[in-house]
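Single-letter residue listing:
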Amino acid sequence: MADSAMTATFLAVIGGASLLAVTARRLRPSDRLPSLEGWALADRSLGPVWTWLLLGGTIFTAYTFTAVPGLAYGNGAAAFFAVPYTVIVCPIAFVLLSRLGEVARRHGYITAADFVRGRYGSPPLALVVALTGILATMPYLALQLLGIRAVLTAGGVYPRGATGDLVMVALFAGLAVATYRHGLRAPTVISALKAVAVFVSLTAVTWLVLARLGGPGKVFDGAAERLGGPALLLSPEQQPAYATLALGSALALLMYPHVLTAGFAADGPRTLRKVAVALPAWTGLLALFGFLGIAALAAGVRAPAGGAETAVPMLVDRLMPGPLAGLVFGAITVGALVPAAVMSIAAATSFVRNVYVEYVHPTATPKRQVRIAKAVSLTAKVGAVAFVFGLRDQDAVNLQLLGGVWILQIFPAVAVGLFTGRLHPRALLAGWGAGMLAGTFLVVREGFSSIGAGPFQIYAGLVALLLNLAVALAGTTVLERLGVPRGADLTDLPSRLTVRRRPETGANHP
């Protein structure tokens with residue numbers, strides 16, 4: 001059972017998050033009439049600091065902070081693919097997210113599917129982009145609840161039976177109400193508390209772990225003994241999987257609706273470029289969480305079978321004083337609330353903009369769109385809670401693995417479309433279908449593992465993406481030769497990639 005000091009600190013952190021959510025309306029209040037842009041994107045008014053807090057708090061979820069150290073606890077070095085993966089994201093975000101955010105602001109786009117609709121003039125392609133995003137987001141939302149439950153269970157704060165379920169519902173109820181009323185402003189203000197709590201608690205925990213276990217050398221030596229030594233190093237067979245998983249995950253991350261929603265809320269592309277440069281600070285946190293998974297091994301923590309994600313919470317509960325343990329558990333819990341809120345907002349916005357308005361009620365007023373989005377956002381949270389209570393944890397993990405492969409298949413339509421409009425929308429649709437089928441087949445065939453077996457251990461999502469691109473390129477060539485017309489491009493972007501040359505100066509430049 002949790003001691004009183006730990007419980008009090010935990011409740012103080014959660015209470016602070018609730019109080020901040022109540023003040024969300026004061027975050028750059030708008031005098032405009034209700035609109036989906038105001039509710040879902042905070043009127044695109046967030047400056048560099050708020051955008052950094054929100055984007056970092058959205059990308060680095062509670063499940064990330066438990067799954068990565070859990071993977072390090074069970075598999076050693078392979079877990080650290082998340083560090084280069086989140087580093088690779090930064091230059092991609094610098095170029096891609098800032099450009100996409102600029103186009104979205106100029107044309108009033110709120111979702112990636114809005115951009116696809118304007119770029120290619122293809123409602124079917126925009127629809128599959130929107131539905132893929134929603135499909136990939138829902139299990140990700142459920143995983144935030146699983147992260148909370150794992151942390152609270154390890155710390156003895158999660159009671160057994162119906163009482164524990166009520167604790168989970170109560171935590172999410174406050175978030176649901178704040179998000180319903182204030183939209184993206186609610187998770188934005190909570191992200192400030194998340195950053196402070198996570199940075200402070202993780203720094204303190206890492207220092208105490210090193211002090212109590214005798215320094216980094218003894219931590220790694222102790223972990224190597226328990227894992228068998230070589231597991232702390234990548235074997236040659238693991239290296240292709242490590243590299244392709246890092247690259248594929250980085251490309252997929254910026255396609256998720258919740259990440260794009262956080263990016264679109266920035267007040268301009270300059271802000272997004274500044275934030276992309278500063279994002280590695282969050283990556284440093286992730287590396288420290290991975291290290292704590294190694295420390296849990298060295299400390300002799302025995303996580304339950306199939307529950308490696310509880311290793312770090314168990315380590316914290318064993319080694320840390322009650323107030324600090326409560327701070328850590330509170331920080332990770334708040335860490336789940338921010339992405340969960342943004343995910344529900346992003347899924348609701350995609351549904352309203354690209355399904356409801358496009359196919360059900362084209363003349364819906366802005367006020368009605370906001371009302372429908374609020375209802376869908378609330379439904380998404382309720383569905384996530386029901387999913388967690390009704391299905392096995394492994395089901396959510398399996399679906400999230402599939403979701404990562406699926407969301408990567410909209411990369412050609414969205415990311416490539418930012419730089420060239422030469423790909424035919426029908427060919428992109430065919431490529432998306434081929435990638436979805438191939439990726440799903442590869443993951444299911446390997447028993448819901450995203451890494452293939454045999455001599456070619458590479459990320460299934462990247463294999464599916466290459467097939468997707470091949471089909472899109474071949475299909476474009478065939479359709480152009482057949483003279484099949486394409487939709488009108490409304491984005492004012494160049495139709496093909498161009499190379500800007502320096503003016504001739506008479507001198508040779510290397």
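Treat the numbers as computed from the prediction; the structure is a model and nothing was measured.

This part takes up helix α3 (residues 48-59). Over its 12 residues, α3 runs 16 Å from end to end, which matches the ideal 16 Å to within 8%, given 1.5 Å per residue. Taken residue by residue, α3 has Thr-51, Trp-52, Leu-53, Leu-54, Leu-55, Gly-56, Gly-57, Thr-58 and Ile-59 as its buried positions.

Another point: a nonpolar patch on the surface. A cluster of nonpolar side chains, Phe-94, Val-95 and Val-277, forms an exposed patch at the surface whose accessible area comes to about 260 Å². The residue Val-95 is located in helix α5 (residues 82-107) in this model. Using a relative accessible area of 44% as the deciding quantity, one classes Val-95 as partly exposed.

Another aspect to go through is the confidence of the model for the protein chain. For the protein chain, mean pLDDT is 83; residues scoring 70 or higher make up 87% of the total. Mean pLDDT values over the elements of the protein chain span from 71, in helix α1 (residues 4-22), up to 95, in helix α19 (residues 411-414). Per-residue pLDDT stays below 50 along residues 498-510; that stretch engages in 1 contact with residues further than four places along the chain or on separate chains.

Now for the nonpolar core. Counting 159 residues, the largest nonpolar core has Val-116, Met-255 and Met-320 as its most contacted members. Here this core takes 20 residues from helix α16 (residues 322-360), the largest share from any one element. Among all residues touching Met-255, those that are not within four sequence positions of it are Leu-96, Leu-260, Ile-407, Ile-410, Phe-411, Val-414 and Ala-415.

This paragraph deals with the packing of α5 against helix α14 (residues 280-298). How two helices pack is summed up by the angle between their axes together with the distance between the axes. At their nearest, the axes of α5 and α14 sit 9 Å apart, and the two run at 175° to each other. Relative to α14, the element α5 lies roughly antiparallel. Residues Ala-82, Val-83, Thr-86, Val-87 and Cys-90 of α5 form the contact with α14, whose own contacting residues are Pro-280, Thr-283, Leu-286 and Ala-287. Each residue belonging to the contact of α5 with α14 can be placed in one class, and the counts come to 7 nonpolar, 2 polar and no charged.

Attention now moves to the packing of aromatic side chains. Under the defined criterion, the tally for this structure stands at 7 aromatic pairs. Taking the centre distance of 5.4 Å and the plane angle of 45° together, the rings of Trp-52 and Trp-282 count as tilted. One end of the pair, Trp-52, is in helix α3; the other, Trp-282, is in helix α14, and 230 residues separate them in sequence. Here Trp-52 matches Trp-282 in class, with each residue buried. Considering the side-chain rings of Phe-60 and Trp-282, the 6.0 Å spacing of their centres and the 10° angle between planes classify their relative orientation as stacked. You can see Phe-60 sitting in the loop between α3 and α4 (62-75) and its partner Trp-282 sitting in helix α14, a full 222 residues away along the chain. Residue class for Phe-60 comes out buried when judged on its relative accessible area of 3%. The class of Trp-282 is buried, set by a relative accessible area of 0%. Linked through ring pairs, Trp-52, Phe-60, Phe-199 and Trp-282 together constitute an aromatic cluster. Between Lys-374 and the ring centre of Tyr-180, over which it is positioned, the NZ or CZ distance is 5.4 Å.

Definitions and limits used
- Residues numbered from 1 in each chain as written.
- Predicted model: local features only at pLDDT ≥ 70, side-chain atom pairs only at ≥ 80, totals over all residues.
- Heavy atoms only, no water.
- Helix = DSSP H or I, 4+ residues; strand = E, 2+ residues; numbered from the N terminus.
- Expected span 1.5 Å × (residues − 1).
- Buried < 20%, exposed > 50% of the residue type's maximum accessible area, 1.4 Å probe, protein only.
- Patch = residues over 30% accessible without salt bridge, like charges linked within 9 Å, V, L, I, M, F, W, Y side chains within 5 Å.
- Areas by Shrake-Rupley, 256 points an atom, 1.4 Å probe, with all protein chains shown as cover.
- Salt bridge = Lys/Arg side-chain N within 4 Å of Asp/Glu carboxyl O.
- pLDDT = per-residue confidence, 0-100.
- Contact = heavy atoms within 4.5 Å.
- Core = buried A, V, L, I, M, F, W, Y, C linked by side-chain atoms within 4.5 Å.
- Axes fitted to C-alpha atoms, helices over the stretch in contact; angles between N-to-C directions.
- Parallel < 35°, antiparallel > 145°, perpendicular 65-115°, else oblique.
- Nonpolar A, V, L, I, M, F, W, Y, C, P; charged D, E, K, R; others polar.
- Phe/Tyr/Trp six-rings, centres within 6.5 Å; stacked < 30°, edge-to-face > 60°.
- Lys NZ or Arg CZ within 6 Å of the ring centre and 35° of its normal.

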